[in-house]
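# A structural walkthrough
Chain by chain, the residues:
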Amino acid sequence: MTASVVLDSVNKIYGARNPRPIYAVRDFSIEIAPGEIVALLGSSGCGKTSTLRMIAGFEEVTKGEIRIGDRRIDALAPAQRRVAMAFEGYSLYPPLTLRENIAFALKAEKLDNAETARRVEEIARLLELGPYLDRYPSTVSAGQQQRASLGRALVRKAELYLLDEPMGQLEPQLRAVLRGRLKRYLREHGLTAILVTHDQTEANALADRIAVMEGGVLQQFASPAELKRAPANLFVGTFIGEPPMNVYRVKPTVADGRLSLSAAGAELFGYAPGTVSDAVLDRVRGREEVIVGVRPADVRVGASGAPAEVVSNQWIGDQTHLESTFPGGVIVATIQDRFRAKAGERIHVDVPADRLHVFSSEGSALSHGRELAAPRPAERVAA
Ligand SMILES: Nc1ncnc2c1ncn2[C@@H]1O[C@H](COP(=O)(O)OP(=O)(O)OP(=O)(O)O)[C@@H](O)[C@H]1O
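Parameters at a glance
- Residues numbered from 1 in each chain as written.
- Predicted model: local features only at pLDDT ≥ 70, side-chain atom pairs only at ≥ 80, totals over all residues.
- Heavy atoms only, no water.
- UniProt positions renumbered as here; feature names shortened; annotations may be inferred.
- Phe/Tyr/Trp six-rings, centres within 6.5 Å; stacked < 30°, edge-to-face > 60°.
- Helix = DSSP H or I, 4+ residues; strand = E, 2+ residues; numbered from the N terminus.
- Buried < 20%, exposed > 50% of the residue type's maximum accessible area, 1.4 Å probe, protein only.
- Lys NZ or Arg CZ within 6 Å of the ring centre and 35° of its normal.
- Near = heavy atom within 4 Å.
- Polar contact = N/O pair within 3.5 Å; in protein donor to acceptor, adjacent residues only side chain to side chain.
- Areas by Shrake-Rupley, 256 points an atom, 1.4 Å probe, with all protein chains shown as cover.
- Nonpolar A, V, L, I, M, F, W, Y, C, P; charged D, E, K, R; others polar.

The protein chain is annotated in an unreviewed UniProt entry as ABC transporter ATP-binding protein of Jiella sonneratiae. In its Sequence similarities (unreviewed entry) section, the UniProt record describing the protein chain reads: "Belongs to the ABC transporter superfamily."

### Overview of the packing of aromatic side chains
A ring pair, where both rings are aromatic, is described by two values, the distance of the centres and the angle of the planes. For the structure shown, the criterion picks out six aromatic pairs. Aromatic pair Y93 and F104: ring centres 5.0 Å apart, planes at 70°, arrangement edge-to-face. You can see Y93 sitting in the loop between β6 (83-86) and α2 (98-104) and its partner F104 sitting in helix α2, a full eleven residues away along the chain. Classification of Y93 as partly exposed rests on a relative accessible area of 38%. Connected via pairs of aromatic rings, a cluster forms that spans Y248, F269 and F326. The residue whose ring lies beneath R26 is Y23, and the NZ or CZ to ring-centre distance is 3.9 Å. Its end group placed over the ring of Y93, R152 keeps NZ or CZ at 5.5 Å from the ring centre.

### Comments concerning the site of the ligand
In the region of the ligand, the neighbouring residues are Y14, I22, A24, S43, S44, G45, C46, G47, K48, T49 and S50. Contacts to the ligand include Y14, whose side-chain N or O atom sits 3.5 Å from a nitrogen atom. In this structure, an oxygen atom belonging to the ligand sits 3.1 Å away from a main-chain N or O atom of G47. Its free accessible area being 630 Å², the ligand has 60% of it covered by the protein chains. Breaking the shell around the ligand down by element, the ones donating at least two residues are β2 (22-32) and α1 (48-56). Tallying contributions element by element places α1 first for the shell around the ligand, with three residues. In terms of residue class, the shell around the ligand is made up of four nonpolar, six polar and one charged.

Rendered as structure tokens:
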């Protein structure tokens with residue numbers, strides 16, 4: 001029932017023979033394990049829908065290979081691929097009720113009426129569609145149509161489920177509930193699924209691994225936690241996480257084991273000898289410039305660190321969003337408690353060494369968080 005999926009150097013060029021072809025997907029390669037839930041995440045136009053449509057068979061693969069289990073599928077007709085897809089644009093049959101639309105997807109399985117009815121009811125319960133099953137698509141809301149489209153995909157038996165922005169039209173509360181149920185359903189049935197979304201909350205909540213895309217190119221394929229802990233490059237670092245990572249171009253100076261990160265002659269962050277590992281000092285030593293990334297939750301506001309001035313301070317019900325200026329420019333901090341400081345007030349900001357992300361001046365990752373901190377004495381001995 002479940003299958004692995006391989007995309008091997010998949011490319012999509014629209015209008016390859018036109019004077020200005022559009023390179024939508026470039027050498028995209030991933031391997032998905034049976035039963036794994038993967039999200040394709042990226043901003044509008046990054047190529048995620050083209051990728052999904054190539055897997056479904058609605059777009060031709062310009063170059064590359066797609067395999068489900070041990071079958072190569074990229075040259076097969078959509079119906080032969082054993083793939084079920086829920087469309088962002090719903091594509092329900094207008095003359096059929098939602099119940100008939102969902103049941104229609106089961107036609108090929110040649111089930112008896114009772115089993116068809118049972119499967120439709122099960123999916124309708126999962127997606128809270130019960131009360132609308134006997135209505136026509138034109139008489140229900142966009143969110144209800146979207147859920148019916150999702151139901152039509154999930155009710156089928158397939159080797160792979162493709163979900164294109166499956167919850168885009170739902171209100172936040174229902175979205176959160178259905179996300180949980182959808183994940184449980186996919187898990188319980190051991191289904192392999194690829195989901196397209198531009199919403200990182202959705203990707204984080206549903207996916208085992210996320211493929212972050214930009215400009216048709218895969219930037220990183222990793223678990224939600226790994227994307228946060230060790231972004232492969234500056235794009236992933238700033239794209240993942242809310243509010244976004246603070247970013248500064250700095251000059252690193254290493255003197256007597258002390259690391260100083262400065263901009264325009266002023267020190268933004270300084271680390272005493274022994275607080276940064278030798279490996280990291282070696283990686284930054286001698287570079288004219290590196291880029292440091294600091295997540296807002298990792299900024300410490302207190303008595304030590306760089307001098308800063310509060311620009312705005314907002315309590316958003318469960319945390320404080322504090323925006324300040326300091327020698328690096330603007331720094332945004334999130335603080336779990338209520339932090340009382342008015343605009344114009346002077347504070348200090350600091351970032352522990354084990355929270356800093358360092359990228360080369362071209363944006364590739366040099367080191368992250370924990371590896372920045374020096375090993376503790378016991379670990380040194382063990383090493
Ligand atoms: N049928 C098409 N013909 C020509 N260009 C296309 C076609 N479909 C998509 N494109 C282009 O290919 C690129 C990738 O589009 P795609 O729809 O795959 O991105 P996306 O990440 O899914 O965006 P969105 O979230 O807005 O749907 C874009 O530049 C888009 O304009």
